[in-house]
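# What the coordinates show
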Amino acid sequence: MSARAKSQQLGLANPRVQRLRRLVRRGADRRQEGLVVAEGPKVIRAAHEGGAEIREIYLGPHADPAVEQLAESSGLVVQRLASGVIERVASTVTPQSEIALVARPAATLDSLATAWLVLVGVGIQDPGNAGTMARTALAAGASGILFTEGSVDVFSPKTVRSSAGAVFALPVIEGIPAAEALDGIGGRGLTRIATDAAAGDDLYEADLPARTAVVVGNEAHGLPAALGPQLDRTVRIPMVGPADSLNVAVASAVVCFELLRRHRSTGGGA
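First, a word on what this report is: a plain description of the structure on this page. Because the structure is predicted, anything quoted here is derived from the model rather than measured. (Residues numbered from 1 in each chain as written. Predicted model: local features only at pLDDT ≥ 70, side-chain atom pairs only at ≥ 80, totals over all residues. Heavy atoms only, no water.)

### Topic: the overall build of the protein chain
Counting its secondary structure elements, the protein chain contains ten helices and twelve strands. Evaluated residue by residue, the protein chain yields a buried proportion of 51% over its 270 residues. Here the analysis covers contacts within the protein chain between residues at least 6 apart in sequence; of these, 76% occur between residues at least 24 apart. Between the mean site of the 27 positive side-chain charges and the mean site of the 27 negative ones, the protein chain shows a separation of 7 Å. (Helix = DSSP H or I, 4+ residues; strand = E, 2+ residues; numbered from the N terminus. Buried < 20%, exposed > 50% of the residue type's maximum accessible area, 1.4 Å probe, protein only. Contact = heavy atoms within 4.5 Å. Lys, Arg positive; Asp, Glu negative; His and termini not counted. Charge placed at Lys NZ, Arg CZ, Asp CG, Glu CD.)

### Quick notes on helix α2 (residues 15-25)
Among the residues of α2, those classed as buried are Val17, Arg19, Leu20, Leu23 and Val24. The arc that holds the buried residues of α2, viewed along the axis, is 160 degrees, so those residues lie on one side. The distance from a side-chain oxygen at the start of α2 to the backbone nitrogen of arginine 16 is 2.8 Å, and the residue carrying that oxygen is asparagine 14. (Arc of directions from axis to C-beta. Polar contact = N/O pair within 3.5 Å; in protein donor to acceptor, adjacent residues only side chain to side chain.)

### Points about the side chain of aspartate 202
With respect to the helices and strands, the residue aspartate 202 is situated in strand β10 (residues 201-202). Although aspartate 202 lies buried, it forms no salt bridge, and the closest oppositely charged side chain, arginine 236, sits 4.4 Å away as judged by the N-O distance. From its side chain, aspartate 202 meets the backbone nitrogen of tyrosine 204 in a polar contact 2.8 Å long. Sequence-distant contacts of aspartate 202, that is, excluding residues within four places in its chain, are made with Arg236 and Pro238. (Salt bridge = Lys/Arg side-chain N within 4 Å of Asp/Glu carboxyl O.)

### Describing a nonpolar patch on the surface
Together, Met239, Leu246 and Val250 make up a nonpolar patch on the protein surface, roughly 210 Å² of accessible area in all. Along the chain, the position of methionine 239 falls in the loop between β12 (233-236) and α10 (248-263). Its relative accessible area of 31% is what places methionine 239 among the partly exposed residues. (Patch = residues over 30% accessible without salt bridge, like charges linked within 9 Å, V, L, I, M, F, W, Y side chains within 5 Å. Areas by Shrake-Rupley, 256 points an atom, 1.4 Å probe, with all protein chains shown as cover.)

### Regarding the nonpolar core
Counting 53 residues, the largest nonpolar core has Ile57, Val102, Met133, Ile145 and Phe168 as the members making the most contacts within it. Among the elements that make up this core, the one with the highest residue count is α10 (seven residues). Sequence-distant contacts of isoleucine 145, defined by excluding residues within four places in its chain, comprise Leu119, Met133, Ala134, Ala137, Leu170, Pro171, Val172 and Ile173. One finds Val118, Ala178, Ala213 and Val215 within the second-largest nonpolar core, a separate group that totals 19 residues. (Core = buried A, V, L, I, M, F, W, Y, C linked by side-chain atoms within 4.5 Å.)

### Examining unusual backbone geometry
Phi at alanine 164 takes a positive value of approximately 55 degrees, unusual for a residue other than glycine. Here alanine 164 is to be found in the loop between α8 (157-162) and β8 (172-176). On the basis of relative accessibility, which here comes to 17%, the residue alanine 164 falls in the buried class.

### Considering the environment of alanine 90
Note that alanine 90 resides in the loop between α6 (86-89) and β5 (98-103). Note on alanine 90: relative accessible area 7%, which makes it buried. Sequence-wise, alanine 90 and leucine 119 are 29 residues apart; in three dimensions their C-alpha atoms are separated by 30 Å. Apart from residues no more than four positions distant in its own chain, alanine 90 is found in contact with Val24, Arg25, Glu39, Pro95 and Ile99.

### So, the pattern of salt bridges
Enumeration according to the criterion identifies 17 salt bridges in this entry. A salt bridge links arginine 233 to aspartate 207, with the shortest nitrogen-to-oxygen separation between them at 3.5 Å. Of this pair, arginine 233 sits in strand β12 while aspartate 207 sits in the loop between β10 and β11 (212-216), and the two are 26 residues apart along the sequence. The network of salt bridges with shared partners includes Arg30, Arg31, Arg104, Asp153 and Glu174.

### Structural notes on the side chain of threonine 212
Among the secondary structure elements, threonine 212 is positioned in strand β11. Residue classification places threonine 212 among the buried residues on the basis of a relative accessible area of 0%. At a separation of 2.6 Å, a polar atom in the side chain of threonine 212 contacts the main-chain carbonyl oxygen of proline 209. Apart from residues lying up to four places away in sequence, threonine 212 is in contact with Trp116, Leu117, Val118, Leu190, Thr191, Ile193 and Leu259.

Structural data, given as C-alpha cells:
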C-alpha cells in the first residue's frame, strides 16, 4: 500500500498541523524538539542526500511525487494536507507543497580537526546572508561553517531555504562565543584570516595557507576590535568601483573561491 493510500487529508485544525505551524514560526519550539523545517523538494532532497534524519513529511495537493517516493523509500508515512492548508502553514507567501521535519544537525569544533577551509560568521544577522554563506562554503569545498553566538538561527526556515539545503551537507557549528570559537579554530592548526573592506593585505597578493579559516563580521559593524588577538592576519578585496564595501556573503564567496583556486591542485578542497 502506498504512502498516499495510508494517509488522510489533514485540515488546519488538526493537532499535527497546528504543531507543524508552530514549528515553522517559532524557533524556540524547533530547538526544544530538535527539529529543522525543510520546505520544497530541492531542500528536502538535500537533507536526505546529506544524511540528515527526516522525521516527518507533509504534502499539499500539488506536491512533487518524488518527495512521496522518498518518503516511501525511507519508511515514512506521508501526512497529506487538505487544500488550502499548506498556504496557512508554510513560511513563504507563495509556498511550495512539501514540508519535512528534519532532526537538527549538530557539529562541534572537533569536526574541524582536519579541516582545510572553514568559513566563520561573527554576529551575522540576516538569514539570507547566512544561508548564502553556507551555500558558498559547500560549493567551495569547505570542511565546515561556524556561526558564533549572537548570529541568526542558521536552521531557521528562511536560512535553510536560502542555503538550498547546504546546511544539511556540511558540518554547521553554532552558538559558540566568538573569542572561544576562534581560539578553538587556531588551536586546530588553521590560520585565521579576517576580511576588512579598507585594511590588510591585498587578497590576490597575500599569503593564504592551505588550512585557513575565513572570518567575516556583522553586516553593519564588521568584526569587533576585541577579536584582534584571535586573528592571524587581515585581507582586503581590491575594488575599482565607487562602492566602499561588499555584502558579507559576497565577500565570503570571493575569499573562499580564491583559496580554492590556489589550493585545489595541492589537495585543498579535493
